[in-house]
Amino acid sequence: KLITKLLMPLGNDADDLYNIGITQLMFTPSDITQINIIKNERPYAGLLLFNHGLISSNERTKEKLTTEINIGVIGPASFAKETQTWIHKAISYQIPLGWDNQVKNDFIFNYLLRYEKQLLSPTEKFELIGMIGADAGTLYNQIISGLTFRVGNFNSYFSNYEKSFNYKKFQFFFYVKPSVIAFMDNSTLQGGTFTGYQSVHTINADDLTRFYMQFEYGFILGTRRFGISINEKLRTPEYKLSPTIQVGNITFFIGL
């Protein structure tokens, strides 16, 4: 209950959706065949996080407020090495060899805040949404702003499930989401707040770019409470000599 009280609803007219989850993330350099440290490449870093969030939406005013708390660990205690190694063995892919150089164990507590508002919707098949937000804590400290374009047959972005005024049983739409991020620190690059200085390989604060851009695009296919989402993210360098990052996701989701 204490953690839930830290989450922020929009108000009495809001449609509130609470969620809990567990997230495990793995960050590696682009070359995972090397045992030794690769200079000017991002360090190995693993995260294991408990998530508790609230998506509070108001379909009448076309606005959404997302708040989320992440609590967990960064470092070997995240078991990122074991998980990624097992997956790569299962699919007969290159085993990542540099995990012994990952950042040290540290505690993670981060608070996420995102506010979104519809800016334009000339037809029910197209909409433009603005977003501004921030992350604060021992994982990231950053400010983000961006836009979301959606085209196709979709339910309201500002309501959950069949509560929408114009709920559609079938959805298929494309989206594009450009954003700009300004950050002060990033534990996956610099190591944890309390033990980063003990890590054998991190990115120096002077080498961080402090600003980077992200471009995400994809599509979502859904029917009633089942669906699939496929997207790709392109991210400009977060530090000097860093390559552009390209990440893809395939997500299956079930509404209960």
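Keep in mind that this is a model prediction, so the values were computed, not measured.

1. What about empty space enclosed by the protein?
- Under the criterion given, the structure shown has 1 cavity of 30 Å³ or more.
- Space inside the largest cavity adds up to approximately 80 Å³.
- If you trace the largest cavity, you find 13 residues lining it, with Pro 29, Asn 36, Ile 37, Ile 38 and Tyr 44 closest to the centre.

2. A word on the pattern of salt bridges
- Evaluated as defined, the whole model comprises 6 salt bridges.
- A salt bridge links Asp 13 to Arg 60; its shortest N-O distance comes to 3.4 Å. Residue Asp 13 is found in the loop between α1 (2-5) and β1 (15-27), and its partner Arg 60 is found in the loop between β2 (45-58) and β3 (63-74); the two are separated by 47 residues along the sequence.
- Take Asp 13: its relative accessible area is 56%, and that puts it in the exposed class.
- Across the pair Glu 238 and Arg 42 runs a salt bridge whose closest N-O atoms are separated by 3.5 Å.

3. Considering a nonpolar patch on the surface
- Judged by side-chain polarity, Ile 3, Ile 20, Ile 22 and Phe 50 come together as a nonpolar surface patch covering roughly 410 Å² of accessible area.
- Its location among the elements puts Ile 3 in helix α1.

4. Points about the packing of aromatic side chains
- Overall, the coordinates contain 8 aromatic pairs when judged by the stated rule.
- Seen from their ring centres, Phe 154 and Phe 173 are 5.7 Å apart, and the 80° between their planes marks the pair as edge-to-face. Remark: Phe 173 occurs in strand β7 (residues 170-186) and Phe 154 occurs in the loop between β6 (140-153) and β7; sequence separation between them is 19 residues. Exposure class is identical for Phe 154 and Phe 173. Each is buried.
- Residues Phe 183 and Tyr 212 carry aromatic rings whose centres are separated by 5.6 Å and whose planes lie at 65° to one another, so their mutual orientation is edge-to-face. Here the residue Phe 183 occupies a position in strand β7, and Tyr 212 occupies one in strand β8 (residues 211-223), the gap between them amounting to 29 residues.
- Cluster of aromatic residues (ring-pair linked, three or more members): Phe 172, Phe 174 and Phe 219.
- Across from the ring centre of Tyr 157, 3.7 Å away, lies the NZ or CZ of Lys 64, which sits over that ring.
- The ring centre of Phe 173 lies 4.9 Å from the NZ or CZ of Arg 150, which sits over that ring.

5. A few points about the side chain of Gln 190
- With respect to the helices and strands, the residue Gln 190 is situated in helix α3 (residues 187-190).
- For Gln 190, a relative accessible area of 18% puts it in the buried group.
- There is a polar contact of 2.8 Å between the side chain of Gln 190 and the backbone nitrogen of Asn 186.
- Apart from residues no more than four positions distant in its own chain, Gln 190 is found in contact with Met 184, Asp 185, Gly 196, Thr 202, Ile 203, Ala 205 and Leu 208.

Cut-off values and rules
Residues numbered from 1 in each chain as written. Predicted model: local features only at pLDDT ≥ 70, side-chain atom pairs only at ≥ 80, totals over all residues. Heavy atoms only, no water. 1 Å grid on protein atoms, 1.4 Å probe; cavity = no way out; pocket = protein on both sides within 12 Å on 5 of 7 lines; lining within 4 Å. Points joined across faces, edges and corners; volume = space filled by probe spheres on them. Salt bridge = Lys/Arg side-chain N within 4 Å of Asp/Glu carboxyl O. Helix = DSSP H or I, 4+ residues; strand = E, 2+ residues; numbered from the N terminus. Buried < 20%, exposed > 50% of the residue type's maximum accessible area, 1.4 Å probe, protein only. Patch = residues over 30% accessible without salt bridge, like charges linked within 9 Å, V, L, I, M, F, W, Y side chains within 5 Å. Areas by Shrake-Rupley, 256 points an atom, 1.4 Å probe, with all protein chains shown as cover. Phe/Tyr/Trp six-rings, centres within 6.5 Å; stacked < 30°, edge-to-face > 60°. Lys NZ or Arg CZ within 6 Å of the ring centre and 35° of its normal. Polar contact = N/O pair within 3.5 Å; in protein donor to acceptor, adjacent residues only side chain to side chain. Contact = heavy atoms within 4.5 Å.

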